[in-house]
Amino acid sequence: MKFWLGITLALLALAQSNGSIFERTFKRLHEEPEQPATQNRADIVQTLWIEQKLDHFDASETRTWQMRYMLNDALYKSGGPLFIYLGGEWEISSGRITGGHIYDMAKEHNGLLAYTEHRYYGQSKPLPDLSNENIKYLTVNQSLADLAYFIDTIKSTHEGLADSKVIIVGGSYSATMVTWFKKVYPDKVAGGWASSAPLLAKLNFVEYKEVTGQSIEQMGGSDCYKRIENGIAEMETMFATKRGAEVKSLLKLCEPFDVYSDLDIWTLFSEISDIFAGVVQTHNAGQIEGVCQKIMSGSNDLTGVAGYLLDVFDESGAKCYDLSYDAIIGVLLNTAYTGNIMRQWIFQTCNEFGWYQTSGSSAQPFGTKFPVTLYTTMCADIYGSQYSNAFTTNQISTTNAYFGGLSPGVENVYLTHGQLDPWRAMGIQDADQATVIPEYAHCKDFNSISSSDTAEMKASKERIAELVREWVK
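Treat the numbers as computed from the prediction; the structure is a model and nothing was measured.

A. Seen up close, the nonpolar core. The biggest cluster of nonpolar side chains holds 123 residues, and the ones touching the most others in it are Ile84, Phe150, Met235, Leu251, Phe276, Leu309 and Met378. Per-element accounting of this core gives the leading share, ten residues, to helix H9 (residues 262-281). Non-local contacts of Phe150, meaning those with residues more than four positions away in its chain, are made with Ile50, Gln52, Met67, Tyr69, Ile84, Ala114 and Thr116. Among the nonpolar cores identified, the runner-up in size contains 26 residues, and Tyr85, Ile92, Ile464 and Val472 belong to it.

Take a look at the structure:
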């Protein structure tokens with residue numbers, strides 16, 4: 001008996017250490033952009049802290065907290081510019097400022113490299129937990145004010161920086177922050193580089209899964225696209241014709257999953273679509289193609305798709321997979337800082353951005369079973385009944401009115417997108433204002449210029465280097 005108990009406990013520990021399927025998929029979609037391939041290991045990166053106001057916009061709120069940042073002064077000479085990489089919804093790490101194209105530009109200009117951590121992520125914890133009362137200070141405007149104070153403080157306290165030009169750089173949500181910071185605090189920075197920045201807040205972001213499908217078809221072939229579409233459609237039909245138990249068995253779903261519950265079915269198909277989105281959004285050469293090869297090796301559409309999904313599910317180390325609505329809500333109701341950033345990021349979407357990547361378009365292969373209602377129901381169930389569809393819709397309108405949506409009206413911000421990246425649909429793609437780099441995915445342009453770059457990638461990196469030379473004069 002003790003032997004079997006030991007095995008059970010070991011398997012449980014493995015599942016917990018690996019994280020739930022929800023957590024692992026979410027992390028893949030929201031992790032720190034991958035580290036530059038070339039690193040200067042001899043550089044000493046300091047980890048430092050700066051005191052920030054909890055609420056920059058309420059004079060009566062006197063509480064403060066410690067924001068973490070990292071500093072690399074290996075290249076710095078007094079009077080050189082300050083290059084700041086902005087942290088987004090992830091934990092910062094030193095490799096971001098010890099290599100890559102930003103590092104190369106700092107080297108050219110004898111610059112100081114900094115990396116700021118966003119409030120409520122990583123080790124930057126304004127309050128002891130993530131309760132509904134405490135999480136309300138997690139807004140983009142508060143984080144932009146954190147950055148403004150950081151710039152003022154480091155320029156006034158770091159030797160030789162008082163008159164230096166400031167360049168800010170970001171990827172994904174932190175690229176959004178680059179653009180919006182330049183709008184709200186235009187005089188604090190000389191210029192910015194925003195890679196893969198969504199700028200239009202939108203409740204029903206149907207375009208995300210449309211571009212995901214287009215990228216799968218482009219890189220993996222139309223047969224792969226059709227197999228995914230057909231396999232998922234077959235699962236939907238099975239649920240609709242009271243054969244849901246067969247899907248439950250096929251995908252090894254745990255007993256709590258209710259084959260007659262809309263919320264459980266929506267949660268399952270949302271997760272399936274997000275697994276495919278993770279493949280596309282993080283694509284490096286051969287990645288989409290490799291997944292399509294696995295899917296096409298199945299004997300038919302259903303087994304091809306299910307076989308691939310089970311391979312992904314198996315990474316959790318569990319005997320069965322709890323993909324019920326209650327399971328994801330259970331994760332999101334945990335108010336402790338655990339390293340899982342789902343509760344923080346989803347709060348930001350409910351409160352400011354939307355960006356719910358739904359099945360509301362037929363021009364995508366992931367079916368019809370993850371409507372916007374799933375996500376707005378989650379907002380209310382997690383953060384309180386006031387977070388209704390109408391509330392979030394109003395908040396999104398406020399965000400777009402304040403920051404300008406796809407017309408932010410900023411100068412000296414270089415915008416880049418990977419053509420395969422589903423997020424580009426919420427960004428500026430006009431060739432006069434932004435550079436879209438063919439066959440690259442999300443935040444893939446931070447490496448040093450190299451022989452492996454396509455001509456378009458190399459040209460884009462050379463363009464930002466030229467702009468920085470102008471901005472730091």
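B. The arrangement of the packing of aromatic side chains in detail. Taken as a whole, this structure holds 27 aromatic pairs when the rule is applied. Between Phe276 and Tyr308, the aromatic rings sit 5.6 Å apart at their centres with planes inclined by 40°, giving tilted as the arrangement. In this pair, Phe276 sits in helix H9 while Tyr308 sits in helix H11 (residues 301-313), placing the two residues 32 residues apart along the sequence. Here a set of aromatic residues connected by ring pairs shows up, and it is made of Tyr173, Trp180, Phe205, Tyr208, Trp345, Phe353, Trp355, Tyr402, Phe403 and Trp423. Over the face of the ring belonging to Tyr85 we find Arg96, whose NZ or CZ atom lies 5.0 Å from the ring centre.

C. Broad picture of the pairing of strand S5 (residues 166-171). For S5, the buried fraction is high: six of the six residues fall into the buried class. Of the strand pairs in this sheet, strand S3 (residues 82-86) and S5 are connected by four bridges, and their pairing is parallel. Counted as the bridge partner of Leu82 is Val166 from S5. As paired elements, S5 and strand S6 (residues 191-195) share five bridges and run parallel to each other. Within the sheet, the bridge partner assigned to Ile168 lies in S6 and is Gly192. As for the winding sense of the linkage, the β-α-β connection from S5 through helix H5 (residues 173-184) to S6 is right-handed.

D. Quick look at unusual backbone geometry. Residues other than glycine seldom take positive phi values, yet Ser196 does so here, at roughly 65°. Although it is not a glycine, Glu439 adopts a positive phi angle of roughly 60°. Secondary-structure assignment places Glu439 in the loop between strand S10 (434-437) and helix H16 (455-471).

E. Structural context of empty space enclosed by the protein. As enumerated under the stated definition, the model contains five cavities of 30 Å³ or more in all. Space inside the largest cavity adds up to approximately 430 Å³. Around the largest cavity, the lining comprises 25 residues; the ones closest to its centre are Phe26, Asp274, Ile346, Gln357 and Tyr375. Elements with a minimum of two residues in the lining of the largest cavity: helix H2 (21-30), helix H6 (207-220), H9, helix H13 (342-353), strand S8 (354-356) and helix H14 (372-383). Along the lines of polarity and charge, the residues of the lining of the largest cavity split into 14 nonpolar, eight polar and three charged. Looking at the second largest cavity, its volume works out to about 90 Å³. For the second largest cavity, the full set of lining residues is Met67, Leu86, Gly87, Thr116, Glu117, His118, Arg119, Ser143, Asp146, Leu147 and Met177. With three residues, helix H4 (residues 140-157) is the largest single contributor of residues to the lining of the second largest cavity.

F. Fine view of the sheet that holds S6. Ordered in space as S1-S2-S4-S3-S5-S6-S9-S10, the eight strands form an open sheet in which the pairing is mixed. Each having just a single partner strand, strand S1 (45-53) and S10 make up the two edges of the open sheet. Within this sheet the neighbouring strands show an average axis-to-axis angle of 20°, counted without direction. Where helix H3 (residues 100-108) meets the sheet, it contacts strand S2 (64-72), S3, strand S4 (112-116), S5 and S6, and its direction lies at approximately 165° from that of S3. Across the face of the sheet, H16 comes into contact with S3, S5, S6, strand S9 (413-418) and S10 while running at roughly 165° to S9.

G. Looking closely at the pairing of S3. Within S3, five of the five residues are buried, which leaves it mostly tucked inside the rest of the structure. Both faces of S3 are covered, namely the face carrying Leu82, Ile84 and Leu86 and the face carrying Phe83 and Tyr85. In this view, the connection linking S3 to its parallel neighbour S4 by way of H3 has right-handed handedness.

H. Representation of the environment of Phe205. Looking at the secondary structure, you find Phe205 in the loop between strand S7 (202-204) and H6. Taking the C-alpha atoms as reference points, Phe205 and Met426, 221 residues apart in sequence, are found 8.3 Å from one another. For Phe205, the residues in contact, after removing those within four places along its chain, are Trp355, Tyr356, Gln357, Thr358, Pro422, Trp423, Ala425 and Met426.

I. Highlighting the pattern of salt bridges. Throughout the structure, instances matching the rule amount to 16 salt bridges. With its nearest N and O atoms 2.6 Å apart, the salt bridge here joins Glu34 to Lys444. One end of the pair, Glu34, is in the loop between H2 and S1; the other, Lys444, is in the loop between S10 and H16, and 410 residues separate them in sequence. For Glu34, a relative accessible area of 41% corresponds to the partly exposed category. Owing to a relative accessible area of 14%, Lys444 belongs among the buried residues under this scheme. Through salt bridges with shared partners, a single network forms among Arg68, Glu91 and Glu117.

Thresholds, definitions, all that
- Residues numbered from 1 in each chain as written.
- Predicted model: local features only at pLDDT ≥ 70, side-chain atom pairs only at ≥ 80, totals over all residues.
- Heavy atoms only, no water.
- Core = buried A, V, L, I, M, F, W, Y, C linked by side-chain atoms within 4.5 Å.
- Buried < 20%, exposed > 50% of the residue type's maximum accessible area, 1.4 Å probe, protein only.
- Helix = DSSP H or I, 4+ residues; strand = E, 2+ residues; numbered from the N terminus.
- Contact = heavy atoms within 4.5 Å.
- Phe/Tyr/Trp six-rings, centres within 6.5 Å; stacked < 30°, edge-to-face > 60°.
- Lys NZ or Arg CZ within 6 Å of the ring centre and 35° of its normal.
- Pairing = 2+ DSSP bridges.
- Right-handed = clockwise from strand over helix to strand, strands pointing away.
- 1 Å grid on protein atoms, 1.4 Å probe; cavity = no way out; pocket = protein on both sides within 12 Å on 5 of 7 lines; lining within 4 Å.
- Points joined across faces, edges and corners; volume = space filled by probe spheres on them.
- Nonpolar A, V, L, I, M, F, W, Y, C, P; charged D, E, K, R; others polar.
- Axes fitted to C-alpha atoms, helices over the stretch in contact; angles between N-to-C directions.
- Salt bridge = Lys/Arg side-chain N within 4 Å of Asp/Glu carboxyl O.

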